[in-house]
Amino acid sequence: MNDQNRTATMDDVRKFNQTFESLRSEIGKVIVGQDTVVEELLIALFAGGHCLLVGVPGLAKTLLISTVAQALDLKFSRIQFTPDLMPSDITGTEILEEDQGGKRAFRFIHGPIFGNVILADEINRTPPKTQAALLQAMQEKKVTAGGATYELDLPFFVLATQNPIEQEGTYPLPEAQLDRFMFNVQVDYPTEEEEIRIVESTTSPASNKPKIVLHADDILQTQALVRTVPVDSTVLRYAIRLVRATRDDSISQVKQYVSWGAGPRAGQNLILGAKVRAVMNGRPLPSLEDVRAIAHPVLRHRIVTNFNADADGVSADNIVDMLLEGVRE
């Protein structure tokens, strides 16, 4: 994977498939279950995207993210979002220093945004001005402070969490800002057997730590290589039809329940995610099934439902199900 300009070969695909299996195995030493969540996080990472994780407290979201960072030898930063958090608490601030000769100068102190894997915990608990400081860094991979621009270290991966059951005193992300997240990942409760294993492992003296599988340079090379994976026109057109069906009249039920549909960024994320998923599973070309497999995390936060949907109990995930049933291959 040294030459980023060439097309992925079968050797590259096999190598990455082995790496992915090793990575999943190392994460599995710490995280019990949550296979779909782990896969979606890694797809977003290798596609160069960001994730919004939605789940109730206590489902090991923070542990999962820090474990991924350890297995990838990346710098991990956690930012707890609160109503009084200021933009400078995220990006950093300038301080006035005086040297031994009495000369004064400003020095920029880097904030927690200067990491590789950033956990933005409960992002909807801080005002829009502070949210925007993070979202600008996500989009541009840069931070501007005191008239100077600072480049962020790459790879740069933001995982923001939201609690779906405590909405009092929150500032929901606007749809335009939600669109900057590649995936909306739903973190569900574990099964009974998984919960038994979780309690057993966390109440015993032994603790497992993941081994390092990849380094930052390896991840950047893989991200570049993923973009060289070819896509059949049938797969490309299917992904675009899925996206367009969220905002046109092709499926009557969707039109009945949707106020606003997904934009072009959704199509980009469907194709990039399908490429990563194919390579992860040892295949050189993405298929229609790869697109369908990631349709929910890509589209659920980009569909704005209306009053009819609320009255009938129809969620964004239900809309995606309708799309998958109604859009022809």
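Residues numbered from 1 in each chain as written. Predicted model: local features only at pLDDT ≥ 70, side-chain atom pairs only at ≥ 80, totals over all residues. Heavy atoms only, no water.

## Comments concerning the packing of aromatic side chains
For step 1, the next point in the chain: Taken as a whole and assessed by the stated rule, the structure comprises one aromatic pair.
For step 2, the next point in the chain: Consider the rings of Phe16 and Phe46, whose centres lie 4.9 Å apart with planes at 85°: the pair is edge-to-face. Pair noted here: Phe16 is in helix H1 (residues 10-28) and Phe46 is in helix H2 (residues 35-47), with a separation of 30 residues, a long-range link. Phe46 carries the same exposure label as Phe16, and that label is buried. (Phe/Tyr/Trp six-rings, centres within 6.5 Å; stacked < 30°, edge-to-face > 60°. Helix = DSSP H or I, 4+ residues; strand = E, 2+ residues; numbered from the N terminus. Buried < 20%, exposed > 50% of the residue type's maximum accessible area, 1.4 Å probe, protein only.)

## Overview of the side chain of Ser66
For step 1, the next point in the chain: Locating Ser66 in the fold gives a position in helix H3 (residues 61-71).
For step 2, the next point in the chain: Within polar-contact distance, the side chain of Ser66 engages the backbone oxygen of Leu63 at 3.0 Å. (Polar contact = N/O pair within 3.5 Å; in protein donor to acceptor, adjacent residues only side chain to side chain.)

## Describing the layout of surface pockets
For step 1, the next point in the chain: Here the largest pocket is characterised by a volume of approximately 610 Å³.
For step 2, the next point in the chain: Taken together, 21 residues make up the lining of the largest pocket; nearest its centre are Gln162, Leu178, Asn184, Arg300 and His301.
For step 3, the next point in the chain: Contributing elements (two or more residues each) for the lining of the largest pocket: strand S1 (51-54), helix H6 (175-178), strand S9 (183-186), strand S11 (304-305) and helix H15 (316-326).
For step 4, the next point in the chain: For the lining of the largest pocket, the class distribution of residues is nine nonpolar, nine polar and three charged.
For step 5, the next point in the chain: Approximately 520 Å³ is the volume found for the second largest pocket.
For step 6, the next point in the chain: Together, 25 residues line the second largest pocket, and Val30, Leu63, Ile198, Ser201 and Thr202 are the ones closest to its centre.
For step 7, the next point in the chain: Put simply, the parts of the chain that give the lining of the second largest pocket at least two residues each are H3 and helix H7 (192-202).
For step 8, the next point in the chain: Tallying contributions element by element places H7 first for the lining of the second largest pocket, with six residues. (1 Å grid on protein atoms, 1.4 Å probe; cavity = no way out; pocket = protein on both sides within 12 Å on 5 of 7 lines; lining within 4 Å. Points joined across faces, edges and corners; volume = space filled by probe spheres on them. Nonpolar A, V, L, I, M, F, W, Y, C, P; charged D, E, K, R; others polar.)

## Here's the deal with the sheet that holds strand S5 (residues 117-121)
For step 1, the next point in the chain: Read from one edge of the open sheet, five strands run S2-S5-S8-S1-S9, paired in parallel fashion. Each of the sheet's edge strands pairs with one partner strand only, and the pair in question is strand S2 (76-80) and S9. Pairwise comparison of adjacent strand axes, ignoring direction, gives a mean angle of 20° for this sheet.
For step 2, the next point in the chain: Where S1 lies against strand S8 (residues 157-162), four bridges are found, and the strand directions are parallel. From the neighbouring strand, Cys51 faces S8, where its bridge partner is Leu159.
For step 3, the next point in the chain: Taken strand by strand, H2 contacts S1, S8 and S9, and its axis lies near 165° from that of S9. (Pairing = 2+ DSSP bridges. Axes fitted to C-alpha atoms, helices over the stretch in contact; angles between N-to-C directions. Contact = heavy atoms within 4.5 Å.)

## Brief notes about unusual backbone geometry
In most cases, non-glycine residues show a negative phi, while peptide bonds are predominantly trans.
For step 1, the next point in the chain: A cis amide bond links Leu154 with the next residue in sequence, Pro155, at an omega value of 0°.
For step 2, the next point in the chain: Here Pro155 is to be found in the loop between strand S7 (148-151) and S8.
For step 3, the next point in the chain: Even without glycine at this site, Asp73 takes up a positive phi of about 55°.
For step 4, the next point in the chain: If you trace the backbone, Asp73 turns up in the loop between H3 and S2.

## What about the packing of helix H9 (residues 233-244) against helix H11 (residues 264-280)?
For step 1, the next point in the chain: Put simply, H9 and H11 touch, their axes get as near as 9 Å, and they point 140° apart. In this view, H9 runs oblique relative to H11, as classed from their interaxial angle. In the crossing of H9 with H11, the sense of the turn from one axis to the other is right-handed. Counting all contacts with H9, which are made through Val235, Leu236, Ala239, Ile240 and Val243, the residues of H11 involved are Ala266, Gly267, Leu270 and Ile271.
For step 2, the next point in the chain: The class makeup of the residues in the contact of H9 with H11 is eight nonpolar, one polar and no charged. (Parallel < 35°, antiparallel > 145°, perpendicular 65-115°, else oblique. Left-handed = near helix turned anticlockwise from the far one by under 90°.)

## Looking at empty space enclosed by the protein
For step 1, the next point in the chain: Within this structure, the stated rule accounts for two cavities of 30 Å³ or more.
For step 2, the next point in the chain: Counted as a void, the second largest cavity has a volume near 30 Å³.
For step 3, the next point in the chain: For the second largest cavity, the full set of lining residues is Leu41, Leu64, Ile65, Val68, Val117, Phe157 and Leu159.
For step 4, the next point in the chain: Among the secondary structure elements, those contributing two or more residues to the lining of the second largest cavity are H3 and S8.
For step 5, the next point in the chain: If you tally residues by element for the lining of the second largest cavity, the top one is H3, at three residues.

## Section: the nonpolar core
For step 1, the next point in the chain: Counting 74 residues, the largest nonpolar core has Leu42, Phe46, Cys51, Phe183, Leu299, Ile319 and Leu323 as the members making the most contacts within it.
For step 2, the next point in the chain: Leaving out residues up to four positions away in the same chain, Leu299 has contacts with Val243, Ala262, Ala266, Val320 and Leu323.
For step 3, the next point in the chain: The next biggest cluster of nonpolar side chains, apart from the first, holds 25 residues, and it includes Phe108, Ile123, Ala145 and Val158. (Core = buried A, V, L, I, M, F, W, Y, C linked by side-chain atoms within 4.5 Å.)

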